[in-house]
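Here are the chains, one letter per residue:
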Amino acid sequence: MTIVGWLADSAVTLLGIGLVAVLLMAALAPLEALGWWAGWWGREAYTPVRNRPPQTQGNDAATERPEHFVVYLSGLGTASKEWRFPEEAAFADRLQQWLGRAVVIDDVFAYAVTIRDLGEARLSRRLWEMVKTARLTNPDTMLGWLVMARNAFRIAVSVDHRYGPFFNLSNAETIREALVAHGYELGSGQRVTLIGYSGGGQMVVAATTFLTQLLNAPVRVISIGGSISSDPGLLWAEHTTHLCGDDDPIDKISDAVFAGRWPLLRKSEYNTAIAKGCLTFISLGPIGHTGTRGYYGSDPLPDGTPRLEYTVALVADLITAESPKRPAQPTSDQLGG
Amino acid sequence: MEELFSLIGAALSLDRGALAAAYGAPYALRTALLVAFFGGVSLTLGQSAVLFANQVTPRRFVLLLFGGALAYVFGLVVWGATIWLAATYGLRQSVSLDAVIFAVCVGEAPMLFGLLVLLPYLGTGIHRLLDVYSLLVVVAALSALLGVRLWEALLAAVAGWALRAVLTTLLARPLGGVQLWLWRAASGQSTRIDLADALPELAVRPPRDRTPGGPS
């Protein structure tokens, strides 16, 4: 029997095994956060991987307090805080340059509680190491889908009202640790901005409920093509701005998948946040979700502005704006800078 | 074991003939109670978030898992008794208590998939589907064993459920006390938080191991 013949004969069995494996992967997803809360296992402390010192104007960098603290959470394709998609790395670097005296933290891995990244998961260490290695050589490898599926289940955990509070609290604690490690003074009341791209959008919104309480400081949220559910964090945030490209399908998918976003449910957190003006939307024009035409893409917009620069300028403006509800659109001068 | 699987198959396929035949088999009631117990274990696992939320230890988790399943079976027996009361005195049907309890326990066969309630985001919807599926099996089994039409079986099941709800309300205070006592004994926790209360609780109640590397 040929391999093709064997595969055809075993297709149903293989599909069954695959389905059971996916269901098992999904069913086990909440246990990590729940077990941490119950004290069955500990949470890994945050340790910085990258350190971007704020650009200071004077010589005494140590005494100059950063003007802005920004935490960036990656989309669901990420498998490690050590490794980043090149375009996301470019975004964080550019944002840091643009903001100057600011701390931009982009090494928080939001898709796990008990591990720092997938390569540390004891049971599946070899599998995730293989995926990570494959990713390093080819960012578009098919194995990346495995990471996305695994992380998508964590987003489902974050959204689920039964598990979300525990998972989101653990993320808030990690973010607090990251902020402190990068010089944030607890009790200072200084505003923090959380940026979430794609699946990271849900993670930052959901962590906001707890981060606001842990820091006792305002938290501003920026979602870049984020997949956001109807989460209480939308009402805890000082303000949430959702940036979305016209060619990005994620928003429409989120509208369909998350019941709390349906107009019928007027009292959901999502619809309440819109009604109160706590959640506003900015259309970015002809920008897609990923690739060269995505938010961090290298292709220029019709007016010649590189997509990455446009996104960075807009986000920087939202961070520095006095009133988050009326962000100024970046000027052509700024885009040139 | 063979009887167990054939009973589960008959229940899941809503096959009234097979359910009637299964009731005639030796140890039928015991097998049905076993189905209900395993269904209870699976469903308790599916709903185990509440046990984690209450920060029970692994040993007590296992205790509560099996204790919860036993309590679940006890609840089913009470439901069976109320259906029997409703059918005997309300609907003037001459029915056997064994047959009703068998039907109610067999109705828990879909709950063998109760573990799927654990699935994030989809779990709550799956639980509702399993509840409906379970009710359909109970109605099919009652119809087959009592020799009544489907709507009459449904009426008996609903009447029994309503009677149980009334009894539970009337006995809420003493039952609540017993439940809390059992919870405290099994979990080792003085209070019980529900998942709906978990969100405000989290802000003031630290996890057992808030700081990495050791309990706080």
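Residues numbered from 1 in each chain as written. Chains lettered and ligands numbered in written order. Predicted model: local features only at pLDDT ≥ 70, side-chain atom pairs only at ≥ 80, totals over all residues.

## Details of the overall build of chain B
This is how the line gets drawn: We count a stretch as a helix when DSSP gives it H or I for four or more residues in a row; a strand needs E for two or more, and each element gets its number in order from the N terminus. The burial label depends on the number of other C-beta atoms within 10 Å of a residue's C-beta. Counts of 20 or more mean buried, 12 or fewer mean exposed, and intermediate counts mean partly exposed, with C-beta atoms placed from the backbone. In this description, a residue-residue contact is defined by the distance between C-beta atoms placed from the backbone, which must lie within 7 Å.
Looking only at helices and strands, chain B features 10 helices and zero strands. When the helices and strands of chain B are listed from N to C terminus, the series reads α-α-α-α-α-α-α-α-α-α. Across the 216 residues that make up chain B, the buried fraction comes to 39%. Sequence-distant contacts in chain B: of pairs separated by 6 or more residues, those separated by 24 or more amount to 73%.

## A few points about the overall build of chain A
Scanning chain A from N- to C-terminus turns up 13 helices and six strands. The buried share of chain A, taken over its 337 residues, is 49%. Once local pairs closer than 6 in sequence are excluded, the contacts in chain A between residues at least 24 apart make up 71%.

## Things to note about unusual backbone geometry
Of note in this structure, A:N216 is not a glycine but carries a positive phi near 55 degrees. Note on placement: A:N216 falls in the loop between α8 (199–215) and β4 (219–224). A:N216 gets classed as exposed once you count the C-beta atoms within 10 Å, which come to 10. Residues other than glycine seldom take positive phi values, yet B:Y121 does so here, at roughly 70 degrees. Relative to the helices and strands, B:Y121 is located in the loop between α6 (97–106) and α7 (123–146). Given 23 C-beta atoms within a 10 Å radius, B:Y121 is considered buried.

## Digging into helix α12 (residues 307–320) of chain A
Because each turn of an α-helix spans 3.6 residues, side chains separated by three or four positions in sequence point in the same direction. Residues and elements named next belong to chain A. The test is simple: By this rule, a helix spans an expected 1.5 Å times one less than how many residues it contains.
Helix length check: α12, at 14 residues, gives a terminal C-alpha distance of 20 Å against a target of 20 Å (1.5 Å per residue), a fit within 8%. Among the 14 residues that make up α12, 10 are buried, leaving the element largely enclosed by the rest of the structure. Among the residues of α12, R307, Y310, T311, V312, A313, L314, V315, A316, L318 and I319 are the ones counted as buried.

## Quick look at the confidence of the model for chain A
Stated formally: pLDDT runs from 0 to 100 and stands for how confident the predictor is about each residue.
Summarising the model, chain A shows a mean pLDDT of 86, and 86% of its residues fall at 70 or more. Summarising per-element confidence for chain A, the mean pLDDT is lowest in helix α13 (residues 332–336) of chain A (48) and highest in strand β3 (residues 192–197) of chain A (97).

## Some points on the packing of helix α5 (residues 58–90) of chain B against helix α8 (residues 150–170) of chain B
In a packed pair of helices, the relevant descriptors are the angle between the two axes and the axis-to-axis distance. Residues and elements named next belong to chain B. We apply this condition: The axes used here are C-alpha line fits, helices contributing only the stretch in contact, and every angle between their N-to-C directions lies in the interval 0 to 180 degrees. It is the rotation of the near helix from the far one that decides the hand of a crossing: anticlockwise by less than a right angle makes it left-handed, clockwise makes it right-handed. The classification used treats Ala, Val, Leu, Ile, Met, Phe, Trp, Tyr, Cys and Pro as nonpolar, Asp, Glu, Lys and Arg as charged, and all other residues, Gly among them, as polar.
Across the interface, α5 lies against α8 with an axial gap of 8 Å and an inter-helix angle of 115 degrees. When the axes of α5 and α8 are compared, the crossing they make is right-handed. For the pair α5 and α8, the contacting residues are V78, W79, T82, I83, L85, A86, A87 and G90 in the first and A156, A157, A159, G160, W161, L163 and R164 in the second. Residue composition of the contact of α5 with α8, by class: 11 nonpolar, three polar and one charged.

## Remarks on the nonpolar core
Filter applied, for reference: In these notes, a nonpolar core means any group of buried Ala, Val, Leu, Ile, Met, Phe, Trp, Tyr and Cys residues linked to one another through C-beta atoms within 7 Å.
Core analysis: the largest hydrophobic core is formed by 140 residues, its most contacted members being A:V70, A:V71, B:F102, B:A103, B:V106, B:A141 and B:L142. Sorting elements by how many residues they give to this core places α7(B) first, with 10 residues.

## Details of the sheet that holds strand β2 (residues 102–105) of chain A
Residue and element names in this part refer to chain A. Put simply, the rule is: Pairing between strands is defined by DSSP: at least two bridges between them are needed.
A sheet is described by the order of its strands in space; here six strands give the open sequence β2-β1-β3-β4-β5-β6, paired in parallel fashion. Only two strands of the sheet have a single neighbouring strand rather than two, namely β2 and β6 (279–283). Averaged over neighbouring strand pairs, the angle between their axes works out to 20 degrees when direction is ignored. Inspection of the sheet shows strand β1 (residues 68–73) paired to β2 by four bridges, in the parallel sense. Looking across to β2, one finds that H68 is bridged to A102. Along the sheet, helix α4 (residues 86–99) makes contact with β1, β2 and β3, crossing β2 at roughly 170 degrees.

## Focus: α7(B)
Look at α7(B): 34 Å from first C-alpha to last across 24 residues, which is about the 34 Å you get at 1.5 Å a residue. With its phi angle positive at about 65 degrees, B:G147 sits one or two positions after the end of α7(B).

## Re the environment of A:I319
On the secondary structure map, A:I319 appears in helix α12. Counting along the chain gives 86 residues from A:I319 to A:G233, while the straight-line C-alpha distance between them is 18 Å.

## Thoughts on the environment of A:I228
Residues and elements named next belong to chain A. If you trace the backbone, I228 turns up in the loop between β4 and α9 (233–236). The class for I228 is buried, based on 29 C-beta atoms found within 10 Å. Taking the C-alpha atoms as reference points, I228 and A207, separated by 21 residues in sequence, lie 12 Å from one another. Once you skip the residues sitting within four places of it in the chain, I228 turns out to touch G201, Q202, V205, S223, H242 and S254.

## A few points about the confidence of the model for chain B
All names here are of chain B. On average, residues of chain B carry a pLDDT of 84, and 89% of them reach 70 or more. Contacts of residues 204–216 to residues separated by more than four positions or lying in other chains number 23 contacts, the stretch itself having pLDDT below 50. In the model output, the complex is listed with pTM 0.85 alongside ipTM 0.82.

## What about the packing of α4(A) against α12(A)?
Residue and element names in this part refer to chain A. The cut-off we apply is this: Throughout this description, any angle smaller than 35 degrees is read as roughly parallel, any larger than 145 degrees as roughly antiparallel, any in the 65 to 115 degree range as roughly perpendicular, and the remainder as oblique.
Here α4 crosses α12 at 50 degrees, and the two axes come no closer than 10 Å. One finds that α4 runs oblique with respect to α12. The interaxial crossing formed by α4 with α12 has right-handed handedness. Contacts between α4 and α12 involve A90, F91, R94, L95, W98 and L99 from the first element and L308, T311, V312, V315, A316 and I319 from the second. The residue inventory of the contact of α4 with α12, partitioned by class, reads 10 nonpolar, one polar and one charged.

## With respect to the pairing of β1(A)
Counting buried positions along β1(A) gives six out of six residues, so the element sits mostly inside the fold. With burial as the criterion, each face of β1(A) is covered, one bearing A:H68, A:V70 and A:Y72 and the other bearing A:F69, A:V71 and A:L73.

## Quick word on the environment of A:N271
All names here are of chain A. Relative to the elements of secondary structure, N271 occurs in helix α11 (residues 269–276). With 19 C-beta atoms packed within 10 Å, N271 lands in the partly exposed category. Along the backbone, N271 and R261 are 10 residues apart, and their C-alpha atoms lie at a distance of 6.5 Å. Discounting chain neighbours no more than four positions away, the residues touching N271 are L265 and R266.

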